[in-house]
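Here's the letter readout for the chains.
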Amino acid sequence: MSPHTTRIKTAAVGATTALALTACGGGTGSDGDKAAADKPQGVVSQAQAKKIADHYEQVNNKANAAQDEKLLATVEAGQVYAMDKATYTLVKTWPDKEQKAYAKPFSYRDRQYVIPEKGTATWFAVRATSSEDSENSVLLVFDKVGGTHKMVLSLWADSGEPLPEPAIDKHGLAEVANPSAKVGKFAPADIGAAYEDLLQTGGKKKGAALTSTKPVENAKQTYRRSSKEGAADGMATKMFFAKAPADPSVYALRTADGGVLALFPAAHKQESLLKEAYRSNASLVPSKEQSAFGATRGPLITDMFEGQGMAELTPKATRITAVDFQHVDAR
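No experiment lies behind these values; they were computed from the predicted model shown. Residue positions are given per chain, counting from 1 as you read along its sequence in written order. Given that the model is predicted, a residue must reach a pLDDT of at least 70 before its local features are reported, and side-chain atom pairs must reach 80 or more before they are shown or counted; all residues, however, enter totals for whole chains, interfaces and linings. Side-chain calculation: all heavy atoms of the structure are included, whereas hydrogens and water are not.

Chemist: Explain unusual backbone geometry residue by residue, including any values.
Modeler: The backbone of Gln67 shows a phi angle near 50°, a positive value even though the residue is not glycine. Note that Gln67 resides in the loop between α1 (46–66) and α2 (69–72). What makes Gln67 partly exposed here is its relative accessible area of 34%. Unlike most non-glycine residues, Ala232 shows phi in positive territory, near 50°. Helical segments are the DSSP runs of H or I of at least four residues, strand segments are the runs of E of at least two, and each set is numbered from the N terminus. Looking at the element boundaries, Ala232 is found in the loop between α6 (214–229) and β6 (236–242). Buried means the residue's accessible area, taken with a 1.4 Å probe over protein chains only, is under 20% of the maximum for its type, while exposed means over 50%, and partly exposed covers the values in between.

Chemist: Could you give an account of helix α5 (residues 191–201), naming the residues involved and the relevant values?
Modeler: Counting buried positions along α5 yields nine of eleven residues, so the element is predominantly enclosed. Those residues of α5 that fall on the buried side of the exposure criterion are Ile191, Gly192, Ala194, Tyr195, Glu196, Asp197, Leu198, Leu199 and Thr201. Contacts made by the buried residues of α5 are with α6, β6, β8 (260–274), β10 (300–313) and β11 (318–330). Looking at the residues trailing α5, positive phi occurs at Gly202, about 85°. Between two residues, a contact is recorded if the distance between any of their heavy atoms is within 4.5 Å.

Chemist: Which residues make up the packing of aromatic side chains, and what are the values?
Modeler: Any pair of Phe, Tyr and Trp rings, taking the six-membered ring for Trp, is counted once the centres come within 6.5 Å. Such a pair is stacked with planes under 30 degrees apart, edge-to-face with planes over 60 apart, and tilted for the rest. One pass over the structure, following the stated rule, counts seven aromatic pairs. Summarising the aromatic geometry, the rings of Phe124 and Phe142 are spaced 5.3 Å apart at their centres and angled 10° between planes, so their arrangement reads as stacked. Note that Phe124 is positioned in strand β3 (residues 123–130) and Phe142 in strand β4 (residues 133–145), a separation of 18 residues in sequence. Every member of this aromatic cluster is reached through a ring pair, and the members are Tyr56, Phe124 and Phe142.

Chemist: Go over the pairing of β11 with me, naming the residues and quoting the values.
Modeler: Judged by how many residues are buried, β11 sits mostly within the fold: eleven of 13 residues are covered. Strands are treated as partners if at least two bridges between them are detected by DSSP. Two strands pair when backbone bridges link them, and β10 and β11 are joined in this way by eleven bridges, in the antiparallel orientation. Considered in β11, the bridge of Gly309 is made with Val323. Hairpin remark: β10 followed by β11, antiparallel, with four residues in the connecting loop.

Chemist: So what about the environment of Thr302? Which residues, and what values?
Modeler: Locating Thr302 in the fold gives a position in strand β10. On the basis of relative accessibility, which here comes to 14%, the residue Thr302 falls in the buried class. Distance in space between the C-alpha atoms of Thr302 and Glu271 is 4.6 Å, their sequence separation being 31 residues.

Chemist: Give me the nonpolar core: which residues, what numbers.
Modeler: Grouped together as the largest cluster of nonpolar side chains are 39 residues, with contacts concentrated most on Tyr108, Leu263 and Met310. Every element with two or more residues in this core is listed here: α1, β2 (108–114), β3, β4, β5 (148–156), β7 (251–254) and β8. Residues belong to one nonpolar core when they are buried, are Ala, Val, Leu, Ile, Met, Phe, Trp, Tyr or Cys, and are joined through side-chain atoms within 4.5 Å. Ranked by size, the runner-up nonpolar core spans 24 residues in total, among them Ala177, Leu199, Val260 and Phe305.

Chemist: Explain the packing of α5 against α6 to me, and be specific about the residues and the numbers.
Modeler: When two helices pack together, their arrangement is given by the angle between the helix axes and by the axis-to-axis distance. With axes taken as lines fitted to C-alpha atoms, and helix axes fitted only over the stretch in contact, angles between N-to-C directions fall between 0 and 180 degrees. For the pair α5 and α6, the least separation of the axes is 7 Å and the interaxial angle reads 30°. Our classification of the angle between α5 and α6 gives roughly parallel. Note on element contacts: α6 touches α5 through Pro215, Val216, Ala219, Lys220, Thr222 and Tyr223, opposite Tyr195, Leu198, Leu199, Gln200 and Thr201. Three categories are distinguished: nonpolar for Ala, Val, Leu, Ile, Met, Phe, Trp, Tyr, Cys and Pro, charged for Asp, Glu, Lys and Arg, and polar for the others, with Gly belonging to the last. Along the lines of polarity and charge, the residues of the contact of α5 with α6 split into seven nonpolar, three polar and one charged. When an angle is under 35 degrees it counts as roughly parallel; over 145 it counts as roughly antiparallel; between 65 and 115 it counts as roughly perpendicular; any other value is oblique.

Chemist: Break down the pairing of β10 for me, citing the residues and quoting the values.
Modeler: Of all 14 residues in β10, twelve are buried, a share of seventy percent or more. Two strands pair when backbone bridges link them, and β8 and β10 are joined in this way by 14 bridges, in the antiparallel orientation. Residue pairing for β10: Gln270 is matched across the bridge by Asp303.

Chemist: Which residues make up the pattern of salt bridges, and what are the values?
Modeler: The working definition used for a salt bridge is a side-chain nitrogen of Lys or Arg within 4 Å of a carboxyl oxygen of Asp or Glu. For the structure shown, the criterion picks out nine salt bridges. The shortest N-O distance in the salt bridge between Lys220 and Glu217 comes to 3.9 Å. With Lys220 and Glu217 both in helix α6 and three residues apart, this pair spans about one turn of that helix. For the salt bridge of Glu306 with Lys243, the shortest nitrogen-to-oxygen distance reads 2.8 Å. In this pair, Glu306 is assigned in strand β10 and Lys243 in the loop between β6 and β7, connecting sequence segments 63 residues apart. Owing to a relative accessible area of 27%, Lys243 belongs among the partly exposed residues under this scheme. A single salt-bridge network, built from bridges that share partners, covers Lys50, Asp54, Glu57 and Arg111.

Structure below.
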């Protein structure tokens, strides 16, 4: 996950290049190493967490420079890997200046290690800023995958809202929450489907109970615009359909104010379909980005998106505070 990726600052939920028509024919944590024998241990010690994060930085920077997805897979998994692997496909479509910026090394600074008690979770989190962005905070989740801790989610608090403080017990360990347990109207595991309903129906079903926030209103606006304008200057329809994410894992932390912070996956496909009246003499032409994934001209282009989000849950409100999507395929 590189701070140079354009999706950090914009939550792109659909293909951003307009479709065209053409004529047919064309830290807080526990240092387990120093803890007393009767003191609860963390999933990892703070020293181990630092070592894992340092190793991630080094390998990720090397993988980004070479666009080496196999190397990246040694330190990433889950949603982040599905998204970053697709980014490697798209880098070659970017302007030279952006390609060079993406390959530039970066580091995570001002780290705070948020480490749950061993036995309550297999993962830990890191709150930090980036050497490329000192104003916005990021929450990184490292989970144990195949015996190794890899980064699986990475959410930036770029909406102007600070990350909530995690609840820390007397031993300095973070308190996890059950992703399936409801807090008010939603459980953390329900948020991804509720967000996707905003794109699919405008929030008429599962998304109706979500509190109004910038990401929620942006998704509703995307639904309204796609429903009204469609694609290809109105000659095609554009619709969104929720799909199972690459990794369904949801992570939840109790917060110091008594709420729950949820980090969740989400995914959808976007279908642009030429209206029947135009199919005999026109076709949809894929954008440069869509072509990079293998899309070809025709009456239908289907784009796939993988994403992740952050939400704050209390008995009174469910606030989605950040979403991050990456275009991962097009046909």
